[in-house]
Structure formats: structure tokens, C-alpha cells
Amino acid sequence: MFEKALKGNTNYRIWLAILGVFMAIGGLCYIHQFNTGLGTTGMGRDISWGLYISQFTFLVGVAAGGVMLVLPYYIHNYKAFGKITILGEFLAIAALLMCLMFIMADLGQPIRALNVMLHPTPHSMLFWDMIVLNGYLFLNILCGWVILTAERKGVKPPKWIYIFVYTSIPFAISIHTVTAMLYCGLPGRHFWLSAIIAPRFLASAFAAGPALIVFIALILKRVANFDAGKEALNKMVTIILYAALINAFFVGLEFFVGYYSNIPGHMHTLQYLFFGLEHHGHMYNNLVPFMWGFVVLCIGGIILLAIPYTRKQNEFTLGLGCLMIFIALWLDKGIGFVLGGFVPNPLHEIVEYTPSLNEIMITIGVWSTGFFILTILYKIAVGVEHEIEN
Amino acid sequence: MDKNRRNFLKVAGISTLAGLGAPAIVDRVISGKGEGEVFASGGAAGHHGAEPTEHHGEGNTESHKEEKTGTRYGMVIDTRQFNANPKLGVKCVDACHKMHNVPEFPKGDKNEIKWIWLTNHENAFPEHSQQFKDKDTADNKVLVTCNHCENPPCVRACPTKATFKNKDGIVMMDFHRCIGCRFCMAACPYGARSFNWLEPKTILPTPTNPDYPRRMRGVVEKCNFCADRLALGEKPACVAAAGHSGAMIFGDLNDPNSEIRKVLKENFTIQRKPSLGTNPSVFYIV
């Protein structure tokens, strides 16, 4: 089926070429980082994880979000999702590959990455994360490919594949749960030390993933003549809305626990993220604009998706609403959550993080690679759909 | 439809059971190997007993469990002595960093590497009362380093066992196994770990101590209680630098007759962040 990715109109080629340029720049920047060390990034002794790990965390959610299509279709037999379930599975593949690239970009000794398998360590959450991420990647490649091949031949998918389809559902939940456990089991990091992190991650994942799929489905309708169907999109928006609201509710709960209990450790990071933290006469607030961006975009997106006119009658506002939700949750989890957790540091000093240009270009390079893969996968999926229709 | 649902429930049930059971079995299998045997082979170092570093083996998965017998090295830092002699702290830091070829960065540099350093009382003990400080705690600095916790969160977090707890209680680093994921740095509640953000050999072209290896870039490092010196029957470099001032006392916390236990018995001491349950092996007389 790969041949479908090779043929395409000018716009398709230009889009891939643009992504290719950013991939090349990112690759060159990575070579620089590989030869010089992670000192080329903005990370340091106090903020020891930066953009790479925060992007990884967010993208695990995007990958897990695909299950919001798989679950209704395969378990509840919700037929309207039949056409777009493959979009969820392929999005998961692209997002997981981005996750793995971000992990590799973040390692100080990437050549030794296989040590995680050579010396399996069950008490480390990173070991389990490696297992579930690779497992979920394998399941999505297998299920997506087998089912798409069967569709193309006009036959029913083989029965054995359903075992893997059903297994992929708890795996989707597990990837984001285990990723949350990377953070929420660490003593002395009060902002992360919260039992609500895993459910909050899942809620934001089930909004961000589907929001991206709806947004892309609207684009595919224009550029690739692929109609996901009104009913499917409408149902997905319902899922996005509820998930985004639950995420906002969880954020609110974190505020209540911190500020009502008045325990400094539980307030510091929230204070730093949303209002700025004063320390020895200096105001530290470089993430405040991002967090208020999250609040505004989240509320704006929810409003656009909740009002019947902007949701059902106007595709522009529908797409805008989804994009706003996606960016809002990226700001929340892909920026604030990971970076904020390091402030203040264990010695209650405050150090702020600013990514370096090299680091930003690598990050953009990985995102471009992910979208490159996604474009090719979607090209194949849409190509097969057109073939069946003809 | 019904048939599908039934099939699903079967599969879901079996996979749930497998998911719940597998970690327990894996844990059982690994702990069954028994770390005791692994270390027994390295026990030839005599009763001064620093284990040779290459013998850390695979058996450290259970290191968070309490080891009631055997050595547990620990340290008492008497801040009164450091307050009385303000130059002593710097001397201890220098002795350590020279001994271990720790490259020097400008103070506060993001790439800084610190094995032992001086900080304010409020930073060393952020959970203790900082209101109405007395002159001594307000004006003086406190030495902080790796606490060689009895329940080290860094060891729990490390995905490759590159950091592990030795049988003598020392939390060690294997620089050759570390993949540089820095999970241990996020896990350490004391900020005791440093990462080689840059190539250390370019910052420290000639080693200050040719007998100790310099590290490569991209790995984490920290205080190791001078395990290599202990193996030779010497005291850690910082303790040796403090000399006979009594400012630093080093010894076996599990030996009721050791000097350190005597000091602990005679003085009121505190640990850093005791509420976290890590049980640090470094104690402070304030």
C-alpha cells in the first residue's frame, strides 16, 4: 500500500518538502547536540528535563487519545466511527514515534539506550514506560495495517486481529498512566506528587488527541476529498468537550488543595506557573503567559465547541475550536506541567528555564518528522478509502 | 453483537489477570536471585568493608528494603564546628572536588557539577522553621551532599541499575551503564545529583587527581562517600580535610560501638527532609 504515498498532487509534495526542510534542520541541530553534549540545551542542574520530555509527555497523550475512536467503534459497535478509526490508529503511530525520538534526543548517552532492556529494572517506571509505549506502537501498527489491508481487499478483517484490537484499549490507558507515574511517584516534588495526575493526563489526552483528529479530518475534507461524516465529527466533539471540561475540573481541584490547605509546597509551583513566584525580591514568572494562554484558549475552545451554531453549522469555527483546545492542552501539559514541576528546586532555590535555539530546532524537527509520517500514513488510509469507493 | 461482547470480556479478563500478575512474578523472580550472594563474593575487602565497585551486579532491586545487618556508612556534620571555623567548609569541598576531578564552573552556572557544597541553612533544611533565625544559622553556610539514603528514590527511579545501593549502604554510580535519562535527578529530593552537560575533559584538561577517572559527557554523577578510599582503609576526602576538628564524623551506623554512634547518642541531630521516608545517612548537629 506504500505506493499510495508516492503519488500526490503538488500541494502534497510542497507540504512534505516543507516538513523535510525542518527535519533536515532538526537533524543538523541534533548532530551538533550529539557532538557537544546536552549543554547545548537550556537544561541544567536544576531544570534537568526540558522541552524534549515535556513534548514526550504531551505526545503520549495524543497517542492515547486515538483510543477514543477505537473503543466506541470496536466495543460499542458505533458504526459512524468506521471510516475514521484508522485515523486514530495512525495518529497513535506517528505520536509514539515522536515520543521515542524525543526520548532519544533527551538521553545523555543515546548509544546506551538499549541498557534499559539489557538490565531490566521492574522498580523503575521508565522501564514500564518503555514496555507499554513500544507495545502500544506495535499494536497500532499491526491492527491499523491488517484492518486497512482487509478493507482494501473488500473482506472482513481476520478474527485473530480483534484480540490485538481489544488489547490495545487497556494499553492506551496504560501508556498515559505509566507516563504519569514517572512524575507522581517522586518524593519531594510536590506539584507532581498528586494522585490526580494520571486521571488528569487521561482527560487531557482524550481531548487533545480527538481534537487533532477532527481538525485534520476537516482539512482532509478540503484537500483530499475525504469526508469523515457529520455524525462522526459531532460525536467526537462531544467526547472532546467532556474530556476538556474534566481536565479543567482537575486543574481546579489542584488549585483548591494547594490554596485552601495553604501548604507552601502545594502552592509554590501553581503560584509560579499562573501568577509568578517572588523570591528574595525577584519575581520569577516566565511561564505565566503560557499558562494564561492555556486558560483563555481552553475556555474559548470549549465555548466554540459547545454552542450549536459554531459547532454544527460552521466548519471554520469547529476547526478553530478544536485547534484552540489542542494548543491549550499543549500549553498545559507540553509546557507547564513538566517545566513547572522543577520550580522551586529541592533546595528551594528558583531557577528558570529557557530553551536554546538548537533545542527548539530539534524539537521542531521531531514534530516535523511526526507530521511527515502522519501525512504519509493518512495519504495511504485516504487512498484506500477512495479505492474502495471507486 | 452479544457474541462479540462475550469474546471481549473473555479477552479483557485474561489480559487484566496477566497484567496484574506479571509484575509480581517478575519481582519474585528477580528478588529470588538474591543480592546477598552477589555481594558475598565481593566481601573480601575486609571488615573495613567497602565493596569493590564492580560487584554491584543485578541484585539491587530490593535495595529499598531495610538491611538490618552489615555495614551502613553514615556521616555526622557538626555545623557548630563549621560556624567556628568558616574556612573549613570550603576546604572540605575543595578536597572532594580535587580528589574526584570535578570540573569547576562559575558558581550558579546551569552546567555546574557539585558533589558536596555549601548552602544556606534555609536551603539545606527548607522544611524546618526559618522564622526568627538565630545569628549562627542566619550567617553561616551548611555543607550538603548525597545523603546515601537507606531508601534511595534515585535507585528506585533508575531504569538500568546504573545507580544502586551497595551492601555497605553507599549509593553508587556506574558511569559506564548510565544512559543519561536524568530520572534520578528528578527523583532525588536533595538536589545531590549532577549531570555532565558538557565534555568534562574540555573543562578540566588535566586531572587534579590522576588516580581517579574523569567522567564522560552525558552521565550523572554525585558523591560516593569515597568508596575507593574506604576500600584502602582511608576516610572520605572531606572528612580527612576536616581533620581532627570533629566537624565531620564518619563511620558505621550499624555498629553500636562506633564513634559515629557515640556522637549520635550524645548529641541531638537532624536529617534533611525526614518526612519523605528516605532515611538519610547524613546527620547534622545544629
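Look above for the structure.
Before going into details, it helps to say that this report is about the structure given with it. (Residues numbered from 1 in each chain as written. Chains lettered and ligands numbered in written order. Predicted model: local features only at pLDDT ≥ 70, side-chain atom pairs only at ≥ 80, totals over all residues.)

Moving on: the overall build of chain A. The secondary structure content of chain A amounts to 15 helices and two strands. The C-alpha radius of gyration of chain A comes to 21 Å, within 12% of the 21 Å expected for a compact globule of 390 residues. Its C-alpha atoms give chain A principal-axis dimensions of about 70 × 50 × 40 Å. Burial statistics for chain A: of 390 residues in total, 53% are counted as buried. For chain A, contacts bridging at least 24 residues in sequence account for 78% of all contacts bridging at least 6. (Helix = DSSP H or I, 4+ residues; strand = E, 2+ residues; numbered from the N terminus. Rg over C-alpha atoms; globule rule 2.2 N^0.38 Å. Buried ≥ 20, exposed ≤ 12 C-beta atoms within 10 Å, placed from the backbone. Contact = placed C-beta atoms within 7 Å.)

Check the secondary structure of chain B and you find 12 helices and nine strands. Counting all 286 residues of chain B, 43% fall into the buried class. For chain B, restricting intrachain contacts to residue pairs at least 6 apart in sequence, the fraction spanning at least 24 positions comes to 67%.

Turning our eyes to something else, we now look at the interface of chain A and chain B. With 36 residues of chain A in contact, the opposing surface of chain B contributes 48 residues. Those elements giving two or more residues to the side of chain A that touches chain B turn out to be α6 (115-118), α7 (125-153) and α8 (161-184) of chain A. Here the element with the most residues in the side of chain A that touches chain B is α8 of chain A; it accounts for four residues. Its residues assigned to classes, the side of chain A that touches chain B comprises 16 nonpolar, 16 polar and four charged. (Nonpolar A, V, L, I, M, F, W, Y, C, P; charged D, E, K, R; others polar.)

Let us now look at the sheet that holds strand β1 (residues 73-78) of chain B. Residue and element names in this part refer to chain B. An order of β8-β1-β9 is seen for the three strands of this open sheet, with the pairing classed as mixed. Of all strands in the sheet, those bounded by a partner on one side alone are β8 (248-252) and β9 (282-285). For this sheet, the mean angle separating the axes of adjacent strands, direction not counted, is 20°. Here β1 runs beside β9; their pairing, made up of four bridges, is parallel. The residue bridging Val76 from the neighbouring strand is Phe283, located in β9. Packed on one face of the sheet, helix α12 (residues 259-266) meets β1, β8 and β9 and runs near 120° to β8. (Pairing = 2+ DSSP bridges. Axes fitted to C-alpha atoms, helices over the stretch in contact; angles between N-to-C directions.)

The next point concerns unusual backbone geometry. Residue Pro344 of chain A is reached from Val343 of chain A by a cis peptide bond, and omega for that bond is -5°. Structurally, the position occupied by Pro344 of chain A is in the loop between α14 (315-340) and α15 (357-389). Non-glycine residue Asn225 of chain A carries a positive phi angle of around 55°. Here Asn225 of chain A is to be found in the loop between α9 (197-223) and α10 (230-261). Judged by C-beta crowding, with 11 C-beta atoms within 10 Å, Asn225 of chain A ranks as exposed. For Phe132 of chain B, which is not a glycine, the phi torsion comes out positive at approximately 50°. Assignment of secondary structure puts Phe132 of chain B in the loop between α5 (121-124) and α6 (135-139). The class for Phe132 of chain B is exposed, based on 6 C-beta atoms found within 10 Å.

Residues and elements named next belong to chain A. Interaxial distance between α7 and α15 falls to 9 Å at its minimum, and their mutual angle equals 20°. The angle between the axes of α7 and α15 places the two elements in the roughly parallel class. In terms of crossing hand, the pair formed by α7 and α15 is left-handed. Of the residues in α15, those in contact with Leu148, Glu151 and Arg152 of α7 are Ala381, Val384, Glu387 and Ile388. Looking at the contact of α7 with α15 residue by residue, the class counts come to four nonpolar, no polar and three charged. (Parallel < 35°, antiparallel > 145°, perpendicular 65-115°, else oblique. Left-handed = near helix turned anticlockwise from the far one by under 90°.)

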